[in-house]
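Residues per chain, in single letters:
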Amino acid sequence: MVKDYSWPLQDTSVLHVSTPDGGSFIVKASTTSHHIRREIAALAPGLPGLHGTTPVLRQASAEAGILVTEFLPGTPVEGSADEYRPETYRQAGAVLAQLHRPAGTSADYTKKIAYQTQLLISSAEGLLAAGLRARAAGELAGITPAPVELVTTHGDYQPRNWLVDGGKIKVIDFGRADARPWVHDLVRLTHQQFLGRPALAEAFYSGLGKHPNSAAADVWQLENLNQALGTVVWAHKIGDAAFEQSGVERLERILAG
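Residues numbered from 1 in each chain as written. Predicted model: local features only at pLDDT ≥ 70, side-chain atom pairs only at ≥ 80, totals over all residues. Heavy atoms only, no water.

- Labelled according to an unreviewed UniProt entry, the protein chain appears under the name Protein kinase domain-containing protein, originating from Pseudarthrobacter scleromae.

Dropping the structure here:
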């Protein structure tokens, strides 16, 4: 073993290992987390045009809850000077444009997310001020479910899951990958790194080749509501008060328009 990157909160072991013949790999395993199965499904077909930028799957068993990928060299973008460089975001946007492969049209996606969001509003009783919770419910009620085009999203697209290697941006951790509207991958950045930093947002949209303003307004608002409320409920569950408060503040910004 070279280094242990395990995620105790998610009951997932993540190990960087080397082999006698000089091989270098990442091994992920969990008996309970569904993220392993999602990552296997995302990486198994390969990611066209992104060799050297995303992990390469070498071995996997969804039944056993284990996967092995080739080690992807690089240093984390989060917490480094690269986290606030526009070029980082231009490259990250360009990588995301390649990751977003068409995944069909869904007549049920927005209905499912709206239902999940309603459950989150119910679960947030006592975690949100009554007025804020009522406003979230009212905003949700004003969203009309409709068919939506899906793509293969990363699910947690932010500097925490980016590496930089010789100036090149790479992307790791596909444990939340799934078929969703393309704007899903822009929500975290919008409420984190893009706040007060328009140059980063514009660089990212330039690389991506489009702007969330071009998406259906109801879909964009629904994704924002769902993720903000999900942050509040999940962070409270694990006892992360700071992260829970960030979810509350995100919801307030969304409802303020």
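### Notes on the pattern of salt bridges
Opposite charge on two side chains lets them pair, provided their charged atoms get close.
Here's step 1: A full pass over the atoms with the stated rule returns 11 salt bridges.
Here's step 2: Of the charged contacts, one joins R38 and D178 as a salt bridge, the two residues approaching to 3.9 Å between their closest N and O atoms. Taken together, the positions of R38 in helix α1 (residues 35-43) and D178 in strand β11 (residues 178-180) put the pair 140 residues apart, joining distant regions of the chain.
Here's step 3: The class of R38 is partly exposed, set by a relative accessible area of 27%.
Here's step 4: Judged by its relative accessible area of 36%, D178 is partly exposed.
Here's step 5: Linking D156 and R176 is a salt bridge whose minimum nitrogen-to-oxygen distance equals 3.3 Å. On the criterion of sequence distance, the pair formed by D156 in the loop between β8 (148-153) and β9 (162-165) and R176 in the loop between β10 (168-171) and β11 is long-range, its members being 20 residues apart.
Here's step 6: With relative accessibility at 2%, the residue D156 sits in the buried group. (Salt bridge = Lys/Arg side-chain N within 4 Å of Asp/Glu carboxyl O. Helix = DSSP H or I, 4+ residues; strand = E, 2+ residues; numbered from the N terminus. Buried < 20%, exposed > 50% of the residue type's maximum accessible area, 1.4 Å probe, protein only.)

### Describing the packing of aromatic side chains
Here's step 1: Summed over all chains, the structure comprises eight aromatic pairs.
Here's step 2: Taking the centre distance of 5.3 Å and the plane angle of 70° together, the rings of Y89 and W162 count as edge-to-face. Of this pair, Y89 sits in helix α2 (residues 86-99) while W162 sits in strand β9, placing them 73 residues apart in sequence. Side by side, Y89 and W162 carry an identical accessibility label, which is buried.
Here's step 3: Each ring, one from F204 and one from Y205, has its centre 6.3 Å from the other, and the planes form 75°; the classification is edge-to-face.
Here's step 4: Using a relative accessible area of 0% as the deciding quantity, one classes F204 as buried. (Phe/Tyr/Trp six-rings, centres within 6.5 Å; stacked < 30°, edge-to-face > 60°.)

### Some details on the sheet that holds strand β2 (residues 13-18)
Here's step 1: With respect to topology, five strands assemble into an open sheet ordered β1-β2-β3-β5-β4, the strand pairing being antiparallel. Since the sheet does not close on itself, it has two edges, and those belong to β1 (3-4) and β4 (57-61), each with one partner.
Here's step 2: Pairing of β1 with β2, which is carried by two bridges, proceeds in the antiparallel orientation. Directly across from K3, in β2, lies its bridge partner H16. (Pairing = 2+ DSSP bridges.)

### Structural notes on the sheet that holds strand β6 (residues 75-76)
Here's step 1: Within the open sheet, the three strands sit side by side as β6-β9-β10. Their pairing is antiparallel. Pairing within the sheet leaves two strands with one partner each, and these edge strands are β6 and β10.
Here's step 2: Sitting on the sheet, α2 touches β9 and β10, and the angle it makes with β10 is about 45°. (Contact = heavy atoms within 4.5 Å. Axes fitted to C-alpha atoms, helices over the stretch in contact; angles between N-to-C directions.)

### Comments concerning the packing of helix α3 (residues 109-123) against helix α7 (residues 217-238)
Here's step 1: Running from amino to carboxyl end, α3 crosses α7 at an angle of 35°, the nearest separation of the two axes being 9 Å. In terms of crossing hand, the pair formed by α3 and α7 is left-handed. Contacts between α3 and α7 involve Y109, T110, I113, A114, Q116, T117, L120, I121 and S123 from the first element and V219, L222, E223, L225, N226, L229, G230 and V233 from the second.
Here's step 2: A class-by-class count of the residues in the contact of α3 with α7 yields 10 nonpolar, six polar and one charged. (Left-handed = near helix turned anticlockwise from the far one by under 90°. Nonpolar A, V, L, I, M, F, W, Y, C, P; charged D, E, K, R; others polar.)

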